[in-house]
Amino acid sequence: MARWCYRHRLVVLLLWVGALLGLGAAASTAGTDYANVFSLPNTDSKRAYDQMEKAFPERAGDTDTVVWKVDTGTVRDQSVQSRIQPALEKIGKMAGVGGVTSPYAGDRGAAQISANGKIAYAQITFAEQANAVPKQLVQDVVDTAQGAERGGLHVELGGQAIQRVQEPPTGLAEMIGILAAAIVLFLAFGSLFAMLLPIGIAIFGVGTGLFSTQLLSHVTSVPDLAPLLATLIGLGVGIDYALFIVTRHRRGILRGMDPEESAVTALNTSGRAVLFAGGTVCIALAGMLVTNLRFLDGVVIGTSLTVVFSVLAAVTLLPALLGFLGPRVLSRRQRRKLAADGPEPERASGFAARWSASVQKRPRSIAAMALVVMAILAIPVLSLRLGATDQGNDDASTTTRKAYDLLAEGFGPGFNGPLQVVSTSGDTNKLVQGIRSTAGVAQVAALPPAQGVTVIQVVPTTSPQSEKTDQLIDTLRDKVIPDAGAQAHVGGVTAISKDFSTVTGDRLPLFIATIIGLGFLLLMIAFRSLVVPLTAALMNLIAAAASFGVLVAIFQWGWGLSLLGLGKEGPINAFLPVIMLSLLFGLSMDYQVFLVSRMHEEWVHTKDNARAVRVGLAETSRVINSAALIMVCVFLAFVLSGDSGAAMAGVGLAAAVALDAFILRTALVPAAMHLLGKSNWWLPAGLEKRLPHLAVEPAEEAESLPRASAGGSSVVHGFVRDAEGAPVDGAVLTLLSKGGRQLDRVTSLADGSYIVSVPTPGTYLLSATASSYGARARHVIVTDEPLVHDLELTEGEVDAVN
């Protein structure tokens, strides 16, 4: 497939451009129909909502608030009314505004003025829900209301529709994330064209995924958070997947391969790992479905579609673009060096090689240090509290946060999240009296009954995010309502948030067990091992605990929130653990696949665990760290999205990816694999026979296998010596085919001499290992004549072969 895409590159490019433009045009014509469906069956708040829907079916449209405060006098002063009332009347006449409830409208409006007369509010009901209200209309409302301000009169606005106009421009976070990724890519590649390839692949993958999600929002419930999260994950994996393939392709050209063959080899090796990694991400995302929370179904659809399109772009569009570039995927300096000096030797060098050797020498101390760091970072997770953020968590400079604070100041902190006790039978007066005498209740008001349903508005004395408010909800449900002998349910936004947190927390263990179990099965099938997937599962749990510890410290404890400009501390969004764990498990599995697949490839070739782990780490750590750095940049950019949920997810995922790549995959995993030795690759024989074969590495090509022929056999012989020229006794020399099949295995003699038999002329891999020396491997080309080939082993040297 890679070769076909490479040779028919113009057709592939036109097909992708046509798909992107076609889906974009269709999505633009159809528009969006995102809907936040919080379906919580068998919860008290859901039963309250169902009863209210029957009694008040006409309640529709988003209700926002205009709040004003005076420094001197009261809001009843004629000078204040003469400025506020005309503005409210003008807003009420705007097309798209259903109505305005003013505090100056008779006795009913008196309740909208604070006890000291300093603060008042008006409610604006739009004809549509917040997401459907035109931004220009919302901006006109904000401008008209704030136009009434004067010295000593402050006007602020709050609500979901108002929040939309104070968000940064759409796409700002994405553009900053892409720009940061471009800088990292340019530093890694030194080539403008090579830098543009991963970004182009990510744009095609994210674009087609988002347009498809937008179209699907018309036939199924997709929350408005889904496209933001899909963009976040799509940019990360799209750039990373292309980065892995392009890195392998560039390495092939530097080794002297033809660009087409190099691209085919890159897709047939790293491309397979990309397919496998993308599959693990989608499986991890699909794990959200076991929670049975409808709100998350649309998130699964949007993010999974974007990942699928990103993988398809990486394995089809990328080889086509590589065909257009040819050798220009290298920098000019690299092309000049290649032309002057010829192909580079096939060995790992630099810091990655030195670090890999250090991990092999001191696995216990490195593993212990990594575990201590992760344990310290995980400590805050013990105080994790799930809940819901609201406009009280917005930045202090925003009008929504100022309106929230003014309402809390004038009417009490619980005013921003009133409870609704929905009664269908029993003595309502007794229930109201019982609620009024309950500790933690500031105000109680029963609305006129409708169709046998009475709604009692309860304003707590504490804020919606306070633990005491949660305790009040439990008291009302467990004690006050039963004592009054009423049939009633506690609802409202605050109660729904509490129930959502409870349901999510209850189902979290099942969700974690599901995605860990599926990941374990996939890795076991791919790497034919029980220990490798067990290690991966344990590392995923460690990464999750540490990343949530960071999240709690920042967003719940408030450490560094002011520096990040993220408003006020509060509970962690209830839906975030499920979404974040899905993405974290999927992404960390990516790094595990890329790291261990290279180790497994070396293990299959040499059966030397120490060499396999050392070579795998030396050759993949740099690209894994580069990929992680790109993801961190992309995720942190979503702090600028203006959405507190996306900012929280961005910071959490950035911390998770950084810890996973820089500490776990670079230090703890290889150190643990060195300590475990050959048991890393243990699989019971009975299980080996029953498991299906799902190889991440490409199958061995038939034409690359040497075939013995009469008179065509030969030998490779020589001496194994150390750096001082002394013979190395007992070194193990292994001759392998290009596909990794072992052909001969001998031990050097006391004088360092060896001889291995070769079945037929061709190219082979000859490796030499000795207990106190670094391993060495070289490709050798054997003709009809015996080949003399001496090897030098150096203590601690890493000599990795692609």
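Note that the structure is predicted; figures quoted are calculated from it, not measured.

K.L.:
Outline the overall build of the protein chain, supporting the account with residue identities and numerical values.
P.N.:
When its secondary structure is counted, the protein chain shows 25 helices and 18 strands. Taking the principal axes of its C-alpha atoms as reference, the protein chain extends roughly 110 × 55 × 45 Å. For the protein chain, restricting intrachain contacts to residue pairs at least 6 apart in sequence, the fraction spanning at least 24 positions comes to 77%. Charged side chains in the protein chain number 62 positive and 65 negative. The centres of these two groups are separated by 2 Å.

K.L.:
Can you tell me about helix α20 (residues 531-556), naming the residues and giving the values?
P.N.:
Over its 26 residues, α20 runs 36 Å from end to end, which matches the ideal 38 Å to within 8%, given 1.5 Å per residue. Taken across its 26 residues, α20 has 22 buried, putting it largely inside the fold. The first or second residue beyond α20 is G558, which carries a positive phi of 85°.

K.L.:
Hey, could you go over empty space enclosed by the protein for me, with residue numbers and the actual values?
P.N.:
Throughout the structure, instances matching the rule amount to 4 cavities of 30 Å³ or more. Considering only enclosed or pocket space, the second largest cavity measures out at about 70 Å³ in volume. As for the second largest cavity, its lining consists of T280, I283, A284, I515, L518, G519, L522, F585, G586 and M589. In the lining of the second largest cavity, the residues fall into 7 nonpolar, 3 polar and no charged.

K.L.:
Account for the pattern of salt bridges, naming residues and giving values.
P.N.:
Here the structure, examined in full by the defined rule, presents 14 salt bridges. Of the charged contacts, one joins D470 and R385 as a salt bridge, the two residues approaching to 4.0 Å between their closest N and O atoms. Of this pair, D470 sits in helix α18 (residues 467-484) while R385 sits in the loop between α15 (363-378) and β5 (386-387), placing them 85 residues apart in sequence.

K.L.:
Describe in detail a nonpolar patch on the surface, supporting the description with residues and values.
P.N.:
On the surface, F186, L192, F193 and L196 cluster together into a nonpolar patch covering about 370 Å² of accessible area. Considering every element that reaches the nonpolar patch, the biggest residue donor is helix α9 (residues 192-216), with 3 residues. Its place among the elements puts L192 in helix α9.

K.L.:
Got a sec to walk through the sheet that holds strand β16 (residues 776-782)? Specific residues and values, please.
P.N.:
In space, the 4 strands of this open sheet follow the order β13-β12-β15-β16, with antiparallel pairing throughout. Of all the strands in the sheet, the pair left with one neighbour each is β13 (742-747) and β16. Neighbour-to-neighbour, the strand axes of this sheet turn through a mean angle of 20°, independent of strand direction.

K.L.:
Any chance you could break down the nonpolar core for me, citing the residues and the numbers?
P.N.:
Within the largest apolar cluster, 156 residues are counted, with the highest numbers of intra-cluster contacts made by M288, I579, Y591 and F635. The element contributing the most residues to this core is helix α24 (residues 644-676), with 18 residues. Leave out the neighbours within four places in its chain, and Y591 touches D240, F244, I624, A627, A628, M631, V657, D660, A661 and R665. Core analysis: the second largest hydrophobic core is formed by 29 residues, V97, I113, A120 and V155 among them.

K.L.:
Break down the environment of F324 for me, with residues and values.
P.N.:
Positionally, F324 belongs in helix α12 (residues 294-325). Relative accessible area serves as the criterion here: at 35%, F324 is assigned to the partly exposed category. In this structure the C-alpha to C-alpha distance between F324 and Y6, which are 318 residues apart in sequence, comes to 8.3 Å. Excluding residues within four positions of it along the chain, F324 makes contact with R9, L10 and L13.

What counts and how
Residues numbered from 1 in each chain as written. Predicted model: local features only at pLDDT ≥ 70, side-chain atom pairs only at ≥ 80, totals over all residues. Heavy atoms only, no water. Helix = DSSP H or I, 4+ residues; strand = E, 2+ residues; numbered from the N terminus. Contact = heavy atoms within 4.5 Å. Lys, Arg positive; Asp, Glu negative; His and termini not counted. Charge placed at Lys NZ, Arg CZ, Asp CG, Glu CD. Expected span 1.5 Å × (residues − 1). Buried < 20%, exposed > 50% of the residue type's maximum accessible area, 1.4 Å probe, protein only. 1 Å grid on protein atoms, 1.4 Å probe; cavity = no way out; pocket = protein on both sides within 12 Å on 5 of 7 lines; lining within 4 Å. Points joined across faces, edges and corners; volume = space filled by probe spheres on them. Nonpolar A, V, L, I, M, F, W, Y, C, P; charged D, E, K, R; others polar. Salt bridge = Lys/Arg side-chain N within 4 Å of Asp/Glu carboxyl O. Patch = residues over 30% accessible without salt bridge, like charges linked within 9 Å, V, L, I, M, F, W, Y side chains within 5 Å. Areas by Shrake-Rupley, 256 points an atom, 1.4 Å probe, with all protein chains shown as cover. Pairing = 2+ DSSP bridges. Axes fitted to C-alpha atoms, helices over the stretch in contact; angles between N-to-C directions. Core = buried A, V, L, I, M, F, W, Y, C linked by side-chain atoms within 4.5 Å.

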